[in-house]
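# Observations on the model geometry
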Amino acid sequence: MSKRTQVSAVVNGDPVDFLTDPGATLLDALRDELGLTGSKEGCGSGDCGACSVILDGRLVCSCLVLAVEAEGRRVETIEGMAEGGRLHILQQKFLEHAALQCGFCTPGILVAAKALLEVNPDPTESETRYWLAGNLCRCTGYDKIIRAVMDAAAELRQVRV
Amino acid sequence: MSDVLERPASSAPLDDGRLKIVGTRPIRPDGVDKVTGRALYGADLAMPGMLVGKVLRSPHPHARIVSIDTRKARALPGVKAIITGADFPELADEEYEAGESASNLRDLALNVMARDKALYNGHALAAVAATSSAVADEALSLIEVVYEVLPHVVAVEAAMADDAPVLHDKLFTGGLKEKPTKASNIAKRNEIKRGDLAAGFAEADVIFESRYDTAATHQGYIEPHACVASMASDGQCQVWSSSQGQFMIRTYCAKVLDIDASSIRVTPAEIGGGFGGKTTVYLEPLALALSRQSGAPVKMVMTRDEVFRASGPTSASVMTVRLGAKADGTLTAADVELKFQAGAFPGSPVGAASMTALACYDIPNFSIVGYDVVTNTPKVAAYRAPGAPISAFGVESAMDDLALTLGMDPIALREKNAVHDGTKASYGPTFRNIGYAETLEAIRSHPHYSAPLGPNQGRGVAVGFWFNVGGESTAAVNIAEDGTAMVITGNPDIGGSRASMAMMAAEVLGLPIEKVRPIVADTASIGFSMLTGGSRTTFAVGMAVTQAAQKIVEDLKRRAALLMDVSVDQVDWIYGAAVCTDVSKGKADLSLADLAAKSGQTGGPIGSQISLNAQGAGPGFGVHVCDVEVDPETGHVTILRYTAAQDVGKAIHPSYVEGQIQGGVAQGVGWALNEEYVFDTGGVMENAGFLDYRVPVASDLPMIDTVMVEVANPRHPFGAKGVGEVPIVPPLAAVANAVRGAIGKRMTSLPLSPPKIRAAIDAG
C-alpha cells in the first residue's frame, strides 16, 4: 500500500485538508474523506455526469480527476450551490418544473446547468440539450429538465437586468 | 406541452368536483433534499468500522467450478472475511411470489452466489470484505479458481436447438403435454388460445406475416446497486440499501441466509432509479454473510461494469406474428410466437409478453405461444412492463404493415379492432372502465397527427397495454400534537410517490399539503407492503393511505362530538375542521389543530394504520405517435416529434404522471434505436459501460408531449390507475413504424442502428 498524501484545497469556498490514496479520485475524496455525498458515482468512467463538479471554474467529472490534482484548487459541488438556506434559482426551478424523479442525476445536472448559464446566460433549447448531453438521466426523458434550465436562465437574466 | 382530457361520466368515489389538492402540482416533499445533494442513496451511508465488500466474478460464460482456493487471499493483511457458495444453505426448489414476478428461491440464491457452475460472465463466485477498497481488490486477485470451461450459448434460438449446451441438467421443459425425458434450455412453453385459428385465417382477405427480433437491454438506472449491512453477534441484522422494496430485501435475505425475517431490519435508502431492475437482491445477502464472518458492517457498491454484467437486463427475443383481416380491416385471426431469453435461470417475462401481446385487440381467433429459454447471460430482471414492449414491437409493426396493405389509416385500423368496456380481454378477464377509445381519439385529433412531414421523414403510430397491479399494502397516518400529519408507507419512492401519498392524505384530512409529511419507513416501523412495482404504489398504497386518513376523519368527528357535547351524526368534516351541522347549537368549528391539542381528553393520540390487499387496479392503455427523420447518408435516426396519450384514470400529481410518460418514452426510444447487449464469440459482453451501451442523452430527444386521458378507475378513491409502465410499451414499434414511413422499408430487428438502416437502404 502506498502512503496517503495530504491535499489542501478550497471546497465550496472553505479551505479543507484531507488525506488521500494516490490513486483515489476527486469523487472518492469528496464522498469518503469530506463526507460530501451529493456528488454521485454512476459509472466511474466519465460517461454519466452524476459526479459533475466545477474545478477552478471548469466543469469536470470528478471521477476522472485524481484527488491529488485538487491541491491548491477551488472545487464547487452541489452542496455549495444554495447560499445559506436559500436555493439557487436552478434548484428552485427544478422543484417547480418537477425536473427530477429519482434525483440521483440531479446534483450533477444542476452543477452542469450552472456552468452552462455562467458561459451562456441565454441558451437555446439545442444548446441546453447539447451542453447537458454528458449528464445521463434515465427517469425524466429530459423534457422537464430542459424546461427548468431555460426557465432559470430567463429568470436569471431578469435578475441581472 | 400537456393536455388533460376528462370523461366525467364515470367519476371516482371521492372526486366530487371539489378536489383542492389532488390534481394540483405542489413541490414534492423530498425535493429540496434531492436538489441540494442531501438525499442519501444506497452508497451514501457510512458506518463506524465499516469494511469494503467486493465480488469475484466469473470470466467465463459457462464453466464448472472445480475448486476455489481462498488461502492466499485470507492471509493478506486487512482481509476480514471471504465467502463462497459453501457459506450459504442449500435451498429448496420453491417459488416465491413477489410483486410482478415469482422467483425460485434456489435459483435466486444460486444467482447471488454460484455453487457448482458459473452460468454467465459476471456470475458471482466469491466475495471479500477488507479494510479498504485496494485491499479488497488485491484479495480478489489472490483467490484461485480452477474452472472446467464448458461450451456456452447466448442467442435464444441457438439455446433452443437440440444440440445446444445445456445449462441445467435437471431442467425439463414445462407446459408440455408429456413430461420430456431430456433436459433442455427451454424452461417452459406457455400458450393462450381462443377460437379456431385455421378458420380465422380462412376468413381473412389479407394475411400478413413477419419475424422480428429484439436485443437484450438494460434498465439503465444511474445508481448502481449498493448497500451497507451489519449482522451482530446475536444474529440481529441491519441492512441499508437501495431497492424497490425493503420488505423484498428482508424476505430474500432471510430465505437465502436462513434467518428469521424479524431479525432483519431493512431501511430503504433513496433509490436512484430501478425500472424493475431493483426488484431482486444481488449484494445484500453477500454483505450480511461477510458481516457475519467479519463482525463489522460491510458496504458493497457495484461498478457500472458489474451492473451490466451481473444485474438486469431484460430478454432478447425472436418473434413471429401472423395477422389475418377482412378487407374492411376487421381482424379475423392472429398467431403469435415469442421466444424469450431468460438468462442463466428460468423466468423471462414471456408470460406477461404473451398476455399483453393482443390485449388491445378484440380478435375472435388467436394463438399466442411463448418460450422461456435459459442462456449463458445474466438472469433477466423485471424491466418496466416486463415483456410487453417486446411483444408490442412485433404486433404493432405487423399492424402497421397490415394498415399499409389495406390502405387504412393506422389509428382507424386499431379503432376498428379495439377492445372496449365489456370486451373479454385476450388474457382472460372482461375489461371495465377502460379509456382506450378515448386515448386513440386523443391522438387522432391531436395536431401532431395531421402535421405535414418533409423529405426523409416518417410518422409512426403504436399502441400499448399494461395490466397494472394492486396488492398487499400498509399505510399509517399519525397526527402530531399541533395538528400536522405524518404519512408512513413501506414503498420506496422512485418517481414521486411520496408527493401523491401526501396529497391524497391532505385531501381527505383537509390539510394544506405543507402540513403533511410523508416518509418511507423501515421494515420494523410499518407493516408489510409488496414492493414498488407493477405501477401499484399510487393505486394500492394510495388506497391504504386514503383509508387511513378516512379512519382518522371518522375518529376526529367522534372526538369533536365529545368536545362539542353533540351526537356524532351532527358533526361533519369540512376542509380540515369539525363543523356542527346543527347551527342552532352555536358550536364553534374545531380544527384539526384544536382536536390534536385536546387529544388527551378524547381518547389519546390520533393515528391509524390500514393494511389491505388492493384489488381492481385499472389496466392502462397508451397511444403514441412519433416523427423521425432518417439521414440517408449515415442511417442515423433523429426523433423530430413525439406525442404520447395515455389513460391514467386520475392524475394525482399531473407533473409526475407526465414525467412517467416522458421517461417511459425515452427508455423506449433508446431500446428502439441504440441500446443492446453486444456479446463477443466468447460470451463476454463487449459494451458494459455507458460509453458503448448508449442510453438516450438530452441531445437525442425532442420535448415529449403528453396527453393525460382521465377515465376514472372507480376502485380507487380518487380514480387513479397505474401509469409508470404503459409508456414504455408503444415506443419500440412507434419508432420502427416511423422509420418505415421515412425510408419505405420495414425494419424488423432492434435496435435500429445506423448500420442496419444503411443496409436496408442500400438493399434498394
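Keep in mind it's a predicted model, so treat the numbers as computed, not measured.

Next up on the list: the overall build of chain A. What chain A contains, in helices and strands, is 5 helices and 5 strands. Relative to the 2.2 N^0.38 estimate, which gives 15 Å for 161 residues, the radius of gyration of chain A is 16 Å and therefore close to what a compact globule would have. For chain A, the spread of C-alpha atoms along the principal axes amounts to about 50 × 35 × 25 Å. Buried residues in chain A amount to 57% of all 161 residues. Restricting to contacts in chain A with at least 6 residues of sequence separation, those with at least 24 account for 57%. Carbon together with sulfur atoms contributes 48% to the accessible area of chain A, which is approximately 6600 Å² in total. A distance of 4 Å separates the average location of the 16 positive side-chain charges in chain A from that of its 22 negative side-chain charges.

Attention now goes to the domain arrangement of chain B. Where interface size is quoted, it is often the accessible area lost as the parts come together. All names here are of chain B. Taken domain by domain, chain B consists of domain 1 (1–11 + 408–468 + 618–764), domain 2 (42–386) and domain 3 (470–614). Just the C-alpha atoms count here: the centres of domain 1 and domain 3 sit 38 Å apart. Every contact between the two is made by 16 residues of domain 1 and, on the other side, 14 residues of domain 3. Summing both sides of the interface, domain 1 and domain 3 together bury roughly 1200 Å²; the carbon and sulfur share of this comes to 70%. Together, Ile652, His716 and Phe718 form the three largest contributors to the area buried by domain 1 at its contact with domain 3, with a combined 39%. Along the contact surface separating domain 1 from domain 3 lie 0 salt bridges. One can count 3 residue pairs in polar contact (both at pLDDT 80 or more) joining domain 1 with domain 3. Of the residues assigned to the side of domain 1 that touches domain 3, the class counts are 7 nonpolar, 7 polar and 2 charged.

It is worth spelling out the packing of aromatic side chains at this point. All names here are of chain B. Tallied over the full model, the rule gives 18 aromatic pairs over all chains. For the ring pair Phe308 and Tyr693, a centre distance of 4.9 Å and an interplane angle of 45° mean the geometry is tilted. Here Phe308, found in helix 9 (residues 304–310), pairs with Tyr693, found in the loop between helix 18 (654–673) and strand 29 (704–710); they are 385 residues apart in sequence, far enough to count as distant. The two residues Phe308 and Tyr693 agree in class, both being buried. Both rings, one in Tyr677 and one in Tyr693, keep their centres 6.1 Å apart while their planes meet at 80°; by these two values the pair is edge-to-face. Of this pair, Tyr677 sits in the loop between helix 18 and strand 29 while Tyr693 sits in the loop between helix 18 and strand 29, and the two are 16 residues apart along the sequence. Assessed through its relative accessible area of 0%, Tyr693 is described here as buried. Between Lys20 and the ring centre of Tyr575, over which it is positioned, the NZ or CZ distance is 4.1 Å. Over the face of the ring belonging to Phe172 we find Lys179, whose NZ or CZ atom lies 4.9 Å from the ring centre.

This brings us to the environment of B:Val648. All names here are of chain B. The topology assignment puts Val648 in the loop between strand 28 (637–647) and helix 18. Val648 gets classed as buried once you look at its relative accessible area, which sits at 0%. Sequence-wise, Val648 and Pro224 are 424 residues apart; in three dimensions their C-alpha atoms are separated by 30 Å. Aside from chain neighbours lying at most four places away, what touches Val648 is Val657, Met708, Val709, Glu710, Ala720, Lys721 and Val723.

Residue and element names in this part refer to chain B. A full pass over the atoms with the stated rule returns 54 salt bridges over all chains. The salt bridge partner of Arg211 is Glu157, with a shortest N-O separation of 2.8 Å. Of the two residues, Arg211 sits in strand 11 (residues 206–214) while Glu157 sits in helix 5 (residues 156–160), which places them 54 residues apart along the sequence. Among the residues examined, Glu157 registers a relative accessible area of 28% and is labelled partly exposed. Ionic contacts of the salt-bridge type, sharing partners, join the residues Arg28, Asp30, Lys34, Glu270, Asp493 and Arg498 into one network.

Attention now moves to the packing of helix 10 (residues 350–357) of chain B against helix 11 (residues 388–406) of chain B. Residues and elements named next belong to chain B. Axis separation between helix 10 and helix 11 bottoms out at 8 Å; the angle between their running directions is 45°. The angle between helix 10 and helix 11 falls in the class oblique. As helix 10 runs across helix 11, the sense of the crossing is right-handed. Note on element contacts: helix 11 touches helix 10 through Ala388, Ser391 and Val395, opposite Ala353, Thr356 and Ala357. Taken together, the residues of the contact of helix 10 with helix 11 sort by class into 4 nonpolar, 2 polar and no charged.

What follows concerns the interface of chain A and chain B. Each partner contributes residues to the interface: chain A has 43 residues there, and chain B has 55 residues. In this assembly, chain A packs against chain B so that about 3900 Å² is buried in total across both faces, 60% of it on carbon and sulfur atoms. It is A:Leu95, A:Gln101 and A:Arg138 in chain A that bury the most area against chain B; as a group they hold 21% of the surface buried on that side. Viewed at the interface, chain B and chain A are joined by 4 salt bridges. We note a salt bridge from A:Lys40 to B:Asp44, for which the minimum N-O separation is 2.4 Å.

Quick look at empty space enclosed by the protein now. Take a probe with the size of a water molecule and roll it over the atoms, and the empty space left behind shows itself. All names here are of chain B. Taken as a whole and assessed by the stated rule, the structure comprises 11 cavities of 30 Å³ or more. Within this model, the largest cavity holds a volume of roughly 600 Å³. Taken together, 35 residues form the lining of the largest cavity, with Gly495, Ser535, Gln660, Val723 and Gly724 sitting closest to its centre. Elements with a minimum of two residues in the lining of the largest cavity: helix 15 (497–509), helix 16 (537–564) and helix 18. At 3 residues, helix 18 tops the list of elements feeding residues into the lining of the largest cavity. Residue composition of the lining of the largest cavity, grouped by class: 10 nonpolar, 18 polar and 7 charged. Taken as a whole, the second largest cavity holds about 70 Å³ of empty space. In this structure, the second largest cavity is lined by 15 residues; those nearest its centre are Thr356, Ala357, Ala392, Val463 and Gly464. Elements with a contribution of two residues or more to the lining of the second largest cavity: helix 10, helix 11 and strand 19 (457–466). Residue contributions to the lining of the second largest cavity peak at 5 residues, all from helix 11.

Rules used in this analysis
- Residues numbered from 1 in each chain as written.
- Chains lettered and ligands numbered in written order.
- Predicted model: local features only at pLDDT ≥ 70, side-chain atom pairs only at ≥ 80, totals over all residues.
- Heavy atoms only, no water.
- Helix = DSSP H or I, 4+ residues; strand = E, 2+ residues; numbered from the N terminus.
- Rg over C-alpha atoms; globule rule 2.2 N^0.38 Å.
- Buried < 20%, exposed > 50% of the residue type's maximum accessible area, 1.4 Å probe, protein only.
- Contact = heavy atoms within 4.5 Å.
- Areas by Shrake-Rupley, 256 points an atom, 1.4 Å probe, with all protein chains shown as cover.
- Lys, Arg positive; Asp, Glu negative; His and termini not counted.
- Charge placed at Lys NZ, Arg CZ, Asp CG, Glu CD.
- Domains from an automatic or database assignment.
- Buried area = accessible area lost by both parts, 1.4 Å probe.
- Salt bridge = Lys/Arg side-chain N within 4 Å of Asp/Glu carboxyl O.
- Polar contact = N/O pair within 3.5 Å; in protein donor to acceptor, adjacent residues only side chain to side chain.
- Nonpolar A, V, L, I, M, F, W, Y, C, P; charged D, E, K, R; others polar.
- Phe/Tyr/Trp six-rings, centres within 6.5 Å; stacked < 30°, edge-to-face > 60°.
- Lys NZ or Arg CZ within 6 Å of the ring centre and 35° of its normal.
- Axes fitted to C-alpha atoms, helices over the stretch in contact; angles between N-to-C directions.
- Parallel < 35°, antiparallel > 145°, perpendicular 65-115°, else oblique.
- Left-handed = near helix turned anticlockwise from the far one by under 90°.
- 1 Å grid on protein atoms, 1.4 Å probe; cavity = no way out; pocket = protein on both sides within 12 Å on 5 of 7 lines; lining within 4 Å.
- Points joined across faces, edges and corners; volume = space filled by probe spheres on them.

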